[in-house]
Amino acid sequence: MDSRAEELLTGIQGDASTYDDVPAGASCRICRGEHTTENPLFHPCKCKGSIKYIHESCLMEWIASKNIDITKSGTVVNCDICHYPINFKTKYAENMPERIPMSLLLKRSCISHFFRLKEIITIVLAAVLFLIGVPLTWNFFGKLYTFILDRELPYRDDFLKSIIFGFSSAPIKEDIESSNILLQMVLNYRFSILQIIMVVILHISLYFQYDMIVRESVFSKMVFHKIGPQYTKEELIKIQLKERFPMMDDETIENVAKIMKGREEIRNLAQQENNHNNNPDNADNEEESDDEQENANQNEEQPGTENTNAFADEAVNESQHESNAGLDSSSILAEQDSATESESESEVEEQIEDIRPLDAFVHHRAQNELDELLDQNLQAAADHPAAGPEHIPVQPAAQVLPQAPEPIPAPRIVDEEIVNDIGDANNQIPQAPIIINLKLKLMNVIAYYIIAVVLIAVYLSASYLLPTFTGFGLLKCYAGLVKILLSGLFQLCYLLHLPRFYATSLTKIPQMNVLDSMVKENIIASCVKIYQSYNTNAMKSSVILRSVPALVSYTTTISLINISSELICKGFGRENGMKNRSRRFIFQILFAIKCTFKVFILFFIELAAFPVLTGLMLDFSLFCPILRPGEIFWAPRLCEDWPPSIFFLYWGVGTLYMYWFARYIGMIRKHIIRPGVLFFIRSPDDPNIKILHDSLIHPMSIQISRLCLSMFIYAVFIIVGFGFHTRFLFPVLMKSKMLTIQNGFLHHFGVDSMNPKWEISVYPWPFYIAKQVIESTSSVKLYIRKYWTRVFDVSSRKLRLSSFMLNNDIPTERGCILYRNWFYRSFARRKAQWSNSELYTSPKTASRAAQLFKENKAVHAYFIPDGILMRVPSSDIISRTYVQTLFVPVTKDDKLLKPLDLQAIEEKNTRNAGEFGYLDEQNTEYDGYSIVYTPPNFRSRYILLLVFVWLFASLLVLTTTFASQFTFTLIAAILVFPAYIFAYVLANVFLVKSPSKKHYEVFYNGYITVIRSNFQHLDIFFVCFGAIALALMLERYHQLSMSRIKLEEHIVPVAIDGEEFEVENLHNERVDNHSENQIESWGTILKHVLNRDEIKVVLYLTIMVIMVWLNSLGVIVNMEQLYFIQGYFFHDTFKGYRGVFNGFWNPSSLQTNACFTLLSIHFIYTQGLNFAANRNRSFFPLFRYLLKESLRKLKFMLYTTMPIIVSWLACSTLEYLFHRERYTTFGAPLVFLWRYRLKSEFDHIEWTFPQHLCYLSVTAILATFAISHLVKFVKKWFGDATQNVKDEVYAQGRSLENFTNDNF
Amino acid sequence: MTKTAQKRLLKELQQLNKDSPPGIVAAPKNENDLFVWDCLIQGPPDTPYEGGVFNAKLEFPKDYPLSPPKLTFTPSILHPNIYNNGEVCISILHSPGDDPNMYELAEERWSPVQSVEKILLSVMSMLSEPNIESGANVDACILWRDNRPEFERQVKTSILRSLGF
């Protein structure tokens, strides 16, 4: 027996011996059984105590119940309690040889490597094909189709070149190099991937829009409005009956339907009476009851008429029932279900018996039959309770039918997935079907790719080739039409003698000439030029022009859809339902597409175009004048590399701005002004906002005009609000550069801060950090709110709008004071007011005051009341229709001064509402008005108030900005300057031998310039950090004042009571209180700030950068040795090629950079994980932890580089000792050996022994490193491979093994 | 399978008989069937349930230590984590596989290491500290959260009723 097997045996015996260690009374944690020799207990994990032990069989059972296959080698099972992997030992076959035969090992490892390779190839192939291949295929087909459309190649007779280089905007060189091709491919790739992403987003958003619209309840109402119901009510009842009772014959169904109809009419009658009794003046109900009145009339006629007549009536009736049809039919069904046909039934029967004896008899039979069937049904439901739930879902679906009679929604409710699938298919997203159920097999990947290629080809031909082709034709048609129209117009002009008038006007009016030439040169000429170049195919490379034909055919298609949907539904309506099923279906599809495009356009304007425009205006009025004074826009230069990115940039900026603006509005609305003032701005908690609903219902033109109006207001706010300061006040009026950014501080350090890329990547950070810190301090928010409250108070008092704005009715605002003359008005206000002792108590009219001025010389001022009381909305969430009845003057006791012209309002509403206006249901729950005082010229006062708010906002922003900057500059000047000087002196004394006076001067001047420039320009860093400092100071001030208030609160009772013992108590309390307040001191505030995640991230990044730098320094030192070795050993071999080989491992070469990058990535990854694990720690522990970690890393680095450094030092020392005459200082040989020895200029210097030794020892150390690593690696690989083979070939299950501490 | 379960239940019964924790009594309903137990749980002190003694039924599955038993209060009591039919909803009674809401951690759920004693102790702690996040009785949850006095009053009356007052 070989030694390995012996070892195994002894191992087993050893295990067996450990069984004896199981203490008496120990039990299995699963079965609570004891330790026996045939079923021993193990302790395979870290668990201790009563659950330490387990039987192998119990564990296996438990593992099996968790569906884990333990027999597979390598499966790890963790203990449920301690989460430590349970200790298993693989049992091997008896006949396992001691050494695995080499052939087997090789074979096995080859096979496993082959499979690994295959897997890797598959993954790589899939990645290459789908991530790179698909976009390039897209590009290929796009270009191919363009060639087809052009009927020529961009490069004559060179298809390949055309495919690669065709239509590229970059200039083409004559000779094509491989790098050129690669570059062009990358450009093509970028272009196509962008296109694909856009297309996918477009399709997905269109699809979702479509889906949302079809699901929207108002859509089905609109469809209903257009084409009416498919079935009349009677038919509907019949269908329902058939569904429920399949065995009922037609005749019975008909009769039952009649009974139901009759019953329903009676119910209507009753309901109508109820309506009249209960709420006789409710407008809505009145309409309804009007309907019912008619019904009732018909009902009254009905008994007399023939039954056939009743049918005809029903058709009419049905439409009038529409409003409560759903309700009624559902109530019928409910009644059927409960099978409680009692009183009403008998009524019906009586009624029906009146109609006709025979019919009644027939009806009665039907009634009985129905009852029987119902009973059966109920019985069945009772017998099979499981059948009940199946039965119920049918009914809601049936009940929905009358409300939503179109066929699409019904199947959708039943089976959503089918619709989704259809939608997906419609979308033709090329990748979608492939990603789902992706099976990674080599052949599958290729097959999927081919499918993708075909899909792309089909999709592009459908979406690009065909539309463009038809677009050509359509364009020709349209151009012809325009030509005809134009010639007609010209004819008309000639007929009207316009040219003659024109000529005379040119001679008579001098300005006309300028205008004429401008129009001719700029507008007409460019139009003609574009048209001509289009005709002659000269502008092929422009993407915009290329898309014109396709766009034309798309718009034509959409307008065709619009027209055809209108045509199809012509003649149909609510009263006149469309019967034809397929026609209904077509109409619904077309109508849904029409609505989708309408809503899509509106949403696009609101969500994409709006923010982009906002961003553009912000750039014009804020960013550009601050960052680049004198230019118009700043962003275009940033996006030079890739122009479309400007849209994303603007969009992001605009969205952010709108978000902040909305937050500001929300703050004002919530905390400052009276609710109802801002009723015209949507409130987020407004129940009336149903965006989709609204955009579906309201006509396009009104919505567009609304959007334009709000855009205009936004534009005014931005351009005037910001632009006034940045573009006019500061640069033009004040000739100041204060509002421009110049980072003098950074400039001093040689940072190119005028690079737009640098700006965009750096400037947001200080803002972000400042924002986060400031938001974490509660007091800033408080004080800002206080400021705004004050601003609104003051400005509305000045404008006499307190009552309207703040609901703060101040009597003195109810009129103005009339002064004797302008002298009193402007200089002696107070005096004039005091001259009238009953200024406010006895108001006068203007004429009376004028008279009194003449009569009474002592009084110089009278109060003249003016303005009116007005009804205004009392809530922001008010319905639109209600608003129109407001803003009317009323008397004190809420009597209208002149009656409301409700008719006109109604007319205006209907005019604006469009076709579907009546579907608009607004929540009127919050409607209400309050009566406020409004002064004359209300509108202009309101606008003036806006101006006031703007002025105060500018004041706030400008003051805080400048204050922050100056504060931080001062702090920096006081704190940084000495430190700076100190560091500088240190550096000069110890590093540079002769510190000259000039150095100091240069330094000092530079410093002074930086400080001075900070009082002339803005510096973002200074502003942001100053803002942080100010916020912290404010917080501190707030804390102090709060604590003072608390203290005073405690002092007050002492003064009142004056009792001795209480003073004692209070004194103690005061001390406590004081100490309590002290907790929120600078340290706490600072801690608050430091414990924010952002700050921690910054700390992490800093430490990471330092660590990366240090680590890569270590690596580079190690790598540099390679360079020495190479230089030393191949010194002679490559003498002639020194120039080339010198750079093989140059410390500043590409390789080093790559090394640095790789290291950084590795570090960022590991440290990112680390951070995620440690982010919950507070700042200081985290800092300590990080420091420890970094020191650990540093130590490791030193260990690895130490031998080399030591060898260098030793060798250079030797060299210095042996050849002292050659070197001036002790360090010189080191520098010489490191830097100059291997350069060809120094070849003439003789080589000494220590020099040889130096390079040799370095080589030896590195070789030892390399070899030891290699050996370790090979050993590990071999061990793994052997283990694998053993596991695969000889393993025979696994058994438990006890846990010991040395199992790590 | 059944045999393991029976053996283990017997062991647990012995263990409980030897030293049962205060406030808990549990034993099989009849001697021939070890798989249905009757338990009496005392309402923990300083809770609305103080002074009450609640009867509960423990039903063990045939593969007992692998799957958790089912605990039902008979009659049901008002508690956020007890369904109207008296079934108790706590994490220790859920097998690791079925947690639709992903509220509970894997180690909080059933594993063979748990026992009848632990279950009953958990129920007692559940009585004193309801878990609102994964409530079984929504009304009780709302009542417990928003109107504690009313909740306590209802519990007290039901306890008194159960004791025959």
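Everything numeric here is computed off the predicted structure, so don't read it as measured data. (Residues numbered from 1 in each chain as written. Chains lettered and ligands numbered in written order. Predicted model: local features only at pLDDT ≥ 70, side-chain atom pairs only at ≥ 80, totals over all residues. Heavy atoms only, no water.)

Caption draft 1: Geometry of the nonpolar core. In this structure, A:Tyr714, A:Phe730, A:Ile741, A:Tyr763, A:Phe962 and A:Leu1018 are the most contacted members of the largest nonpolar core, which totals 54 residues. Looking at which element gives the most residues to this core, the answer is helix α22 (residues 581–627) of chain A, with 9 residues. Counting residues in hydrophobic clusters, the runner-up holds 39 residues, among them B:Leu13, B:Ile41, B:Leu71 and B:Phe151. (Core = buried A, V, L, I, M, F, W, Y, C linked by side-chain atoms within 4.5 Å. Buried < 20%, exposed > 50% of the residue type's maximum accessible area, 1.4 Å probe, protein only. Helix = DSSP H or I, 4+ residues; strand = E, 2+ residues; numbered from the N terminus.)

Caption draft 2: Examining the UniProt feature "active site" (unreviewed entry) in chain B more closely. Residue and element names in this part refer to chain B. When the UniProt feature table is mapped onto this chain, "active site" (unreviewed entry) is found at Cys89. Following the sequence through the fold, Cys89 ends up in the loop between β4 (70–73) and α2 (116–128). The exposure class of Cys89 is buried, given its relative accessible area of 11%. Excluding residues that lie within four positions of it along the chain, Cys89 makes contacts with Asn81, Tyr83, His94, Ser134 and Ala136. (UniProt positions renumbered as here; feature names shortened; annotations may be inferred. Contact = heavy atoms within 4.5 Å.)

Caption draft 3: Seen up close, the packing of helix α46 (residues 1179–1218) of chain A against helix α47 (residues 1228–1236) of chain A. Residue and element names in this part refer to chain A. At their nearest, the axes of α46 and α47 sit 8 Å apart, and the two run at 115 degrees to each other. At the point where α46 passes α47, the crossing takes the right-handed sense. Contacts between α46 and α47 involve Trp1208, Leu1209, Ser1212, Glu1215 and Tyr1216 from the former and Pro1229, Leu1230, Leu1233 and Trp1234 from the latter. For the contact of α46 with α47, the residue count by class is 7 nonpolar, 1 polar and 1 charged. (Axes fitted to C-alpha atoms, helices over the stretch in contact; angles between N-to-C directions. Left-handed = near helix turned anticlockwise from the far one by under 90°. Nonpolar A, V, L, I, M, F, W, Y, C, P; charged D, E, K, R; others polar.)

Caption draft 4: Structural context of the side chain of B:Ser111. Within the secondary structure layout, B:Ser111 lies in the loop between β4 and α2. If we ignore the near neighbours within four places in the chain, the residues touching B:Ser111 are A:Trp62, A:Asp80, A:Ile81 and B:Pro65.

Caption draft 5: Molecular detail of the interface of chain B and chain A. Facing 15 residues of chain B, the contacting portion of chain A comprises 13 residues. When chain B packs against chain A, the two sides together hide about 1,200 Å² of surface, and 67% of this comes from carbon and sulfur. The salt bridge involving B:Lys11 is made with A:Glu34; its shortest N-O contact spans 3.1 Å. Where chain B meets chain A, there are 3 residue pairs in polar contact (both at pLDDT 80 or more). A breakdown of the residues in the side of chain B that touches chain A according to their chemical character gives 7 nonpolar, 4 polar and 4 charged. (Buried area = accessible area lost by both parts, 1.4 Å probe. Salt bridge = Lys/Arg side-chain N within 4 Å of Asp/Glu carboxyl O. Polar contact = N/O pair within 3.5 Å; in protein donor to acceptor, adjacent residues only side chain to side chain.)

Caption draft 6: Region of the structure containing the packing of aromatic side chains. Under the counting rule described, the total for this entry stands at 44 aromatic pairs over all chains. When the ring of A:Phe141 is compared with that of A:Tyr145, the centres are 6.1 Å apart and the planes differ by 35 degrees; the resulting orientation is tilted. Pair noted here: A:Phe141 and A:Tyr145 are both in helix α3 (residues 102–150), with a separation of 4 residues, about one helical turn. By the ring-pair criterion, three or more aromatic residues cluster together here, those being A:Phe610, A:Tyr657, A:Phe661, A:Tyr714, A:Phe717 and A:Phe722. In this arrangement the basic side chain of A:Arg727 is found over the ring face of A:Phe620, its NZ or CZ atom lying 4.4 Å from the centre. The ring of B:Phe35 has B:Lys62 lying over it, and the distance from NZ or CZ to the ring centre is 4.0 Å. (Phe/Tyr/Trp six-rings, centres within 6.5 Å; stacked < 30°, edge-to-face > 60°. Lys NZ or Arg CZ within 6 Å of the ring centre and 35° of its normal.)

Caption draft 7: Region of the structure containing the sheet that holds strand β1 (residues 24–30) of chain B. All names here are of chain B. Ordered by their spatial adjacency, 4 strands build an open sheet running β1-β2-β3-β4, and the pairing between neighbours is antiparallel. In the strand order of this sheet, the two ends are held by β1 and β4, each with one partner. Each strand of the sheet is rotated relative to its neighbour by a mean of 30 degrees, with strand direction disregarded. As defined by bridge partners, strand β3 (residues 53–59) adjoins β4 across 4 bridges and the pair is classed as antiparallel. Its bridge partner lying in β4, Glu59 is registered against Lys70. Running at roughly 30 degrees to strand β2 (residues 33–42), α2 makes contact with β1, β2, β3 and β4 of the sheet. (Pairing = 2+ DSSP bridges.)

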